[in-house]
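Observations on the three-dimensional arrangement
Now for the letters of each chain:
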Amino acid sequence: MTAPNQEPEKKKDVLRETDDTARRLARELIRSARFGALAAIEPVTGHPLASRVALATDIDGTPVILTSTLSGHTAAILADPRSSLLVGEPGKGDPLAHARITLFTQARRIERGSDDHARLRRRYLARNPKAELYVDFGDFAFFRLEMERASLNGGFGKAYELKREDLALQGDWMQFAEMEAGAVAHMNADHSDAVKLYAEVLCGADPANWRLATLDPEGLDLAAGDDVRRLWFDEPLQTPDQVRGVLVDLAKKARS
């Protein structure tokens with residue numbers, strides 16, 4: 001109880017100031033997530049409905065899901081696009097000691113046959129190759145989960161609130177979409193030795209059949225089976241013609 005004429009005790013602010021370290025952690029969690037928990041509003045009951053979904057990201061870092069119209073969570077986001085996505089896999093020990101992030105999103109369905117659909121289909125299959133069995137079924141659709149804000153928990157005592165611009169690339173990132181498929185195919189076909197070095201030397205991954213899954217202005221996503229590693233560029237690229245030089249420099253760095 002507050003004594004007469006005494007100011008009430010101020011609530012302690014548990015949030016830290018968002019800095020570049022928090023932004024990088026948030027983007028790392030999103031880019032490297034293989035799956036997440038999607039929460040939507042069940043149309044009939046109004047209850048929150050949580051489902052596990054497989055994930056990929058668009059070039060700008062926006063999460064992408066592929067869902068069947070027969071599933072409950074698809075009906076939910078079609079009726080009300082407001083949704084949340086939790087990503088961040090726990091490791092050994094206390095699961096609450098490991099970083100995770102909740103994204104507050106708006107689900108946007110991607111029209112089949114559009115340029116967006118072709119790009120997301122390619123990027124999604126690069127991360128989830130087994131989905132090729134059903135990706136073209138008529139009852140399946142891609143959704144971009146457009147991020148509005150996020151709550152990042154980097155571990156005990158490390159809480160942050162992030163805005164959209166902290167999470168996704170801004171500016172003209174679509175220019176990279178025109179060259180990405182060719183660049184990825186070229187690296188995997190002709191420079192698989194460099195891709196292996198990126199993963200095992202620069203990312204510290206175990207030896208495996210590593211391949212380049214996707215690339216974007218901020219870095220590379222490398223995959224070997226269920227293992228995904230993110231390799232960040234020192235600085236975000238401004239134009240696609242910078243890609244070749246950066247990849248060459250990364251290979252030289254790994255070999256040295």
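Residues numbered from 1 in each chain as written. Predicted model: local features only at pLDDT ≥ 70, side-chain atom pairs only at ≥ 80, totals over all residues. Heavy atoms only, no water.

Digging into the overall build of the chain
- Per the secondary structure count, the chain includes seven helices and eleven strands.
- Computed over C-alpha atoms, the radius of gyration of the chain comes to 20 Å, within 12% of the 18 Å expected from 2.2 N^0.38 for 256 residues, which places it in the range of a compact globule.
- When the backbone C-alpha atoms are referred to their principal axes, the chain occupies close to 75 × 50 × 40 Å.
- A separation of at least 24 residues holds for 63% of the contacts in the chain among residues at least 6 apart in sequence. (Helix = DSSP H or I, 4+ residues; strand = E, 2+ residues; numbered from the N terminus. Rg over C-alpha atoms; globule rule 2.2 N^0.38 Å. Contact = heavy atoms within 4.5 Å.)

Comments concerning helix α7 (residues 243–255)
- For α7, spanning 13 residues, the distance from its first C-alpha to its last is 19 Å, which sits close to the expected 18 Å at 1.5 Å a residue.
- Taken as a whole, α7 has its buried residues at Val-243, Leu-247, Leu-250, Ala-251 and Ala-254. The arc that holds the buried residues of α7, viewed along the axis, is 100°, so those residues lie on one side. Pointing more than 90 degrees away from the buried face of α7 are the exposed residues Lys-252 and Lys-253.
- Those residues of α7 hidden inside the fold are in contact with α5 (177–190), α6 (192–202), β9 (211–216), β10 (219–224) and β11 (227–232). (Expected span 1.5 Å × (residues − 1). Buried < 20%, exposed > 50% of the residue type's maximum accessible area, 1.4 Å probe, protein only. Arc of directions from axis to C-beta.)

Thoughts on the pattern of salt bridges
- All told, the structure shown has 22 salt bridges when counted by the stated rule.
- Close ionic contact of Arg-230 with Asp-216 constitutes a salt bridge, the shortest N to O distance being 2.8 Å. Remark: Asp-216 occurs in strand β9 and Arg-230 occurs in strand β11; sequence separation between them is 14 residues.
- Here the salt bridges share partners, and the residues they tie into one network are Arg-27, Arg-31, Arg-127, Asp-216, Glu-218, Asp-221 and Arg-230. (Salt bridge = Lys/Arg side-chain N within 4 Å of Asp/Glu carboxyl O.)

Some points on helix α1 (residues 20–32)
- End to end, α1 covers 18 Å across 13 residues, agreeing with the expected 18 Å (1.5 Å per residue, within 8%).
- What α1 keeps buried is the set Ala-22, Ala-26, Arg-27, Leu-29, Ile-30 and Arg-31.

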